[in-house]
Amino acid sequence: MNNTLYGETIMERIKSFCVDHRVLKQGIYLSRVDDDITTFDIRMTTPNVDKALEPKAAHAIEHIGATLLRNGQYKDHIIYFGPMGCMTGFYLISKDLDLDKINEIVTDLFTQVAKWTGPIPGAVPEECGNYTYMDLEKAKKSAQFFLDAPWEHEYTYL
Ligand SMILES: [Zn+2]
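Because the structure is a prediction, the values reported are computed rather than measured. (Residues numbered from 1 in each chain as written. Predicted model: local features only at pLDDT ≥ 70, side-chain atom pairs only at ≥ 80, totals over all residues.)

Asker: Quick question: what am I supposed to make of the overall build of the protein chain here?
Answerer: Along the backbone of the protein chain there are three helices and six strands. Written out in order from the N terminus, the α and β elements of the protein chain read β-β-β-β-α-β-β-α-α. For the protein chain, the C-alpha radius of gyration of 16 Å lies close to 15 Å, the compact-globule estimate for 158 residues. The principal-axis extent of the C-alpha atoms belonging to the protein chain is close to 50 × 35 × 30 Å. Every one of the 158 residues in the protein chain was classed for burial, and the buried ones make up 28%. (Helix = DSSP H or I, 4+ residues; strand = E, 2+ residues; numbered from the N terminus. Rg over C-alpha atoms; globule rule 2.2 N^0.38 Å. Buried ≥ 20, exposed ≤ 12 C-beta atoms within 10 Å, placed from the backbone.)

This is the structure we're talking about:
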């Protein structure tokens, strides 16, 4: 077990902290499998190298992305889509979908985000807790930046 001292407490280093972020590239990674539920990490920027996502851009991508995924062909296979706290990408939790299918879905998703003309779904006070905290232009640029990169799929662990 990979234990680490946090202050005076030894705790298990959680799985996502065991990914070596120094060699991590843009791409889509299978992060964990829980029976038929699979969590994919969508790494939109190279951690600690590229500029991270603007939080307002990530918020706009979250609204557009979640809406498209829940209306798309695979809507019954999508459990969750939301931003990483480090602002380098998104988590996509799915049911019964493999990496090939996820690649296809994510390519289509970010292509649509990159050319979104608005309005942003759910960007109204009754549907969001911070509805003006969005930047569509930066969201579109970030989506295109991700689409233009070669994608890696294999994590290196510490
Ligand atoms: Zn919101």
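Asker: I tried to follow the packing of helix 1 (residues 55–69) against helix 2 (residues 99–114) on my own but got confused; where do I start?
Answerer: The description of two packed helices rests on the angle between their axes and on the distance between the axes. Running from amino to carboxyl end, helix 1 crosses helix 2 at an angle of 130°, the nearest separation of the two axes being 10 Å. The angle between helix 1 and helix 2 falls in the class oblique. Here the hand of the crossing between helix 1 and helix 2 comes out right-handed. Contacts between helix 1 and helix 2 involve Ile61, Ile64, Gly65, Leu68 and Leu69 from the first element and Leu109, Gln112 and Val113 from the second. Class assignment of the residues belonging to the contact of helix 1 with helix 2 gives a composition of six nonpolar, two polar and no charged. (Axes fitted to C-alpha atoms, helices over the stretch in contact; angles between N-to-C directions. Parallel < 35°, antiparallel > 145°, perpendicular 65-115°, else oblique. Left-handed = near helix turned anticlockwise from the far one by under 90°. Contact = placed C-beta atoms within 7 Å. Nonpolar A, V, L, I, M, F, W, Y, C, P; charged D, E, K, R; others polar.)

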